[in-house]
Amino acid sequence: MGPRLTAALEATGRTVELHVVAVPGACSADLAAQVRRAAPFGADLALIVVGANDLARLVPPDRAAAALGEAVRHLRRNGTTVVAATAPDLSWVPGVPPALRGLVQAASTELQHRQAAAAEAAGAVVAAVGAELGEAFAAEPGLFSADRFHPSSAGYARIAATLGPYVLDAAEPEAA
């Protein structure tokens, strides 16, 4: 996703140096360590995409949102503009039994709302794209990888395209 968003920023004439500190399988509690690893880069812009693993591991939404808020506050104190994408709606994941879809959707929505509130209060631009992406993934099974949980290359391309406008807007000089 990073290279796709980098290309979108470079297409507007910006010079971009991409650093990815994300860790596969990470939860919101892992953001503090990722923010520490990012500190030496002195980033102008950071994108945080977190929440699916919190949902899958049943992390309480208040705890997940608090960790996101703290990560955003730390980055903002260092002058970094932050775009925070809220959790996906995991009810569209093919392995979720139909009888549990409503419950999973409610849990996803609760986390999305808490994340949005915490990230916004901490100074982030909130990319509330979970519902939009959920509909896309539900309509296009090819957006899932073979494990039917993680996005495929096409899925990551769709996520990047959906987040692109938020990242481009946040990169504007007056947004910083």
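Notes on the structure in this doc start here. Please read these numbers as outputs of a predicted model, since none were measured by experiment. (Residues numbered from 1 in each chain as written. Predicted model: local features only at pLDDT ≥ 70, side-chain atom pairs only at ≥ 80, totals over all residues. Heavy atoms only, no water.)

## A closer look at the nonpolar core
Formally: Side-chain atoms within 4.5 Å are what join buried Ala, Val, Leu, Ile, Met, Phe, Trp, Tyr and Cys residues into a set we call a nonpolar core. The classification of residues rests on relative accessible area computed with a 1.4 Å probe and restricted to protein chains. Under 20% of the type maximum is buried, over 50% is exposed, and intermediate values are partly exposed. Strands are runs of DSSP state E lasting at least two residues, helices are runs of H or I lasting at least four, and both sets are numbered from the N terminus onward. A contact between two residues is defined here by any heavy atoms of the two lying within 4.5 Å.
Counting 20 residues, the largest nonpolar core has Val93, Ala127, Phe137 and Leu163 as its most contacted members. When contributions to this core are tallied by element, the ones reaching two or more residues are strand 2 (81-85), helix 6 (130-139) and helix 7 (153-170). The contacts of Leu163, once residues within four sequence positions are left out, are Met1, Leu5, Leu47, Val49, Ala85, Ala127 and Val129. Core analysis: the second largest hydrophobic core is formed by 14 residues, Val50, Ala71, Ala84 and Ala124 among them.

## Thoughts on the environment of Ala161
Assignment of secondary structure puts Ala161 in helix 7. Separated by 71 residues in sequence, Ala161 and Leu90 place their C-alpha atoms 19 Å apart.

## Details of helix 5 (residues 101-121)
To keep it simple, the criterion reads: The length a helix should cover is 1.5 Å for every residue beyond the first. In this description, the arc belongs to the directions extending from the helix axis to the C-beta atoms.
Look at helix 5: 30 Å from first C-alpha to last across 21 residues, which is about the 30 Å you get at 1.5 Å a residue. Among the residues of helix 5, those classed as buried are Ser108, Leu111, Gln112, Gln115, Ala118 and Ala119. When helix 5 is viewed along its axis, its buried side chains cluster within an angular range of 140° and face the same direction. Opposite its buried face, helix 5 presents the exposed residues Leu103, His113, Glu120 and Ala121, each directed more than 90 degrees away. Two residues or fewer after helix 5 comes Gly123, characterised by a positive phi angle close to 105°.

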